[in-house]
Amino acid sequence: MSFKTIGTQASFGGKLLKLTHEASTTKCTMALNLFLPSQASASKKVPVLFYLSGLTCTGDNCAEKGFAQHKASEKGIAIVYPDTSPRGLKIEGEDESYDFGSGAGFYIDATKDPWSKGYKMYSYITEELPKALFSEFKELDESRVGIFGHSMGGHGALTLFLKNPGKYKSVSAFAPIANPSQCPWGEKAFKGYIGDDKQEWKKHDATELVKGWKGPLDVLIDVGTNDNFYKQKQLLPENFIEAAKGAAIDKGVNLRFQEGHDHSYYTIATFMDDHIEHHAKHLL
Ligand SMILES: N[C@@H](CCC(=O)N[C@@H](CSC=O)C(=O)NCC(=O)O)C(=O)O
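Residues numbered from 1 in each chain as written. Predicted model: local features only at pLDDT ≥ 70, side-chain atom pairs only at ≥ 80, totals over all residues. Heavy atoms only, no water.

### Some details on the nonpolar core
Counting 73 residues, the largest nonpolar core has Leu-133, Leu-140 and Tyr-193 as its most contacted members. A per-element tally of this core places helix H3 (residues 121-136) first, with eight residues. Setting aside residues up to four positions removed in sequence, Leu-140 forms contacts with Leu-34, Leu-36, Lys-45, Val-46, Val-48, Ala-78, Leu-133 and Phe-134. If you look at the next biggest cluster of nonpolar residues, it comprises 21 residues, including Leu-49, Ile-77, Tyr-81 and Phe-148. (Core = buried A, V, L, I, M, F, W, Y, C linked by side-chain atoms within 4.5 Å. Buried < 20%, exposed > 50% of the residue type's maximum accessible area, 1.4 Å probe, protein only. Helix = DSSP H or I, 4+ residues; strand = E, 2+ residues; numbered from the N terminus. Contact = heavy atoms within 4.5 Å.)

### Re the UniProt feature "active site" (unreviewed entry) in the protein
Residues annotated by UniProt as "active site" (unreviewed entry) correspond here to Ser-151, Asp-227 and His-263. In summary, the annotated positions, though distributed over 113 residues, converge in three dimensions, the widest C-alpha pair being only 10.9 Å. Summarising the element assignment, Asp-227 is placed in the loop between strand E8 (219-224) and helix H8 (228-231). Asp-227 sits in the buried class, given a relative accessible area of 0%. If near-sequence neighbours (up to four positions away) are discounted, Asp-227 is found in contact with Ala-175, Leu-235, His-261, Asp-262 and His-263. Of the polar contacts made by the side chain of Asp-227, one reaches the backbone nitrogen of Phe-229; its length is 2.8 Å. Structurally, the position occupied by His-263 is in the loop between strand E9 (253-258) and helix H10 (265-283). (UniProt positions renumbered as here; feature names shortened; annotations may be inferred. Polar contact = N/O pair within 3.5 Å; in protein donor to acceptor, adjacent residues only side chain to side chain.)

### Some thoughts on the packing of aromatic side chains
If you walk through the whole model with that rule in mind, you get 13 aromatic pairs. Pairing Trp-115 with Tyr-193 gives two aromatic rings, centres 6.0 Å apart and planes at 85°, and the pair type is edge-to-face. Of this pair, Trp-115 sits in the loop between strand E5 (78-82) and H3 while Tyr-193 sits in helix H5 (residues 184-193), and the two are 78 residues apart along the sequence. Like Trp-115, the residue Tyr-193 is buried in the burial classification. Between the aromatic rings of Tyr-119 and Tyr-193, the centroid separation amounts to 5.7 Å while the plane-to-plane angle is 20°, which identifies the pairing as stacked. With Tyr-119 in the loop between E5 and H3 and Tyr-193 in helix H5, this pair connects stretches of sequence that are 74 residues apart. The class for Tyr-193 is buried, based on a relative accessible area of 1%. (Phe/Tyr/Trp six-rings, centres within 6.5 Å; stacked < 30°, edge-to-face > 60°.)

If you want it as structure tokens, here you go:
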């Protein structure tokens, strides 16, 4: 057993397991939540959605206020809510800012010291965590996996999907950091975790990655018109759309601007049913 169950919460007819496990990629104990709908059993496996959260979050933010269990329970889809970084590695500066270090792993593997010690969220989310989950929870179907997320987690969802053709059957994002090489959050993270080589940054930037995408694409993206971070040009979703057009797959990106909505979980909860429906189309 690699996971410890430290709590179980009834939710929309299913159960939310609060789990921890020792992770070798991130060199620490990682916490996460796993929602299992009532349909899940070893003889009837259910598809799985990975939800990647944004800056400052843990696996609890969306589990508590994203309203995802509502539709996932109806559809019979499990949801994994991982943490957003390693914790407590005792790296100098780890807890100094909200947008770098703890709570800000950016879903990449750091190559620069001292962060390369354990800031390996790409390997954790794409390899170590799913491997551990699928080996322990026989009710999860590893052939039907989707990915979505918010803000930094929207960047994570888009890039993990685009870097791994076929691994994820569906993708969507709320207010993603869609062109991180060109915005202050992304510049700070890439410089700190990867270094100064901007060619390297491109390998982790959804707007760059989509240019090389081959085949069909069906992405749902919601951004609020009253999102302060959109106004501050941290998100740049239009750049992603332009890049997708260049790759002749623009019809596959459904970018919706939601009038009056901001960057918060009020927005995520409002449109969560649409996102689960979008994934269900591909996973069921
Ligand atoms: N503290 C920061 C803002 C932090 C913030 O808004 N975090 C967002 C994600 S932003 C992009 O990744 C979030 O989801 N917060 C948690 C929540 O429950 O709302 C500041 O002061 O600007």
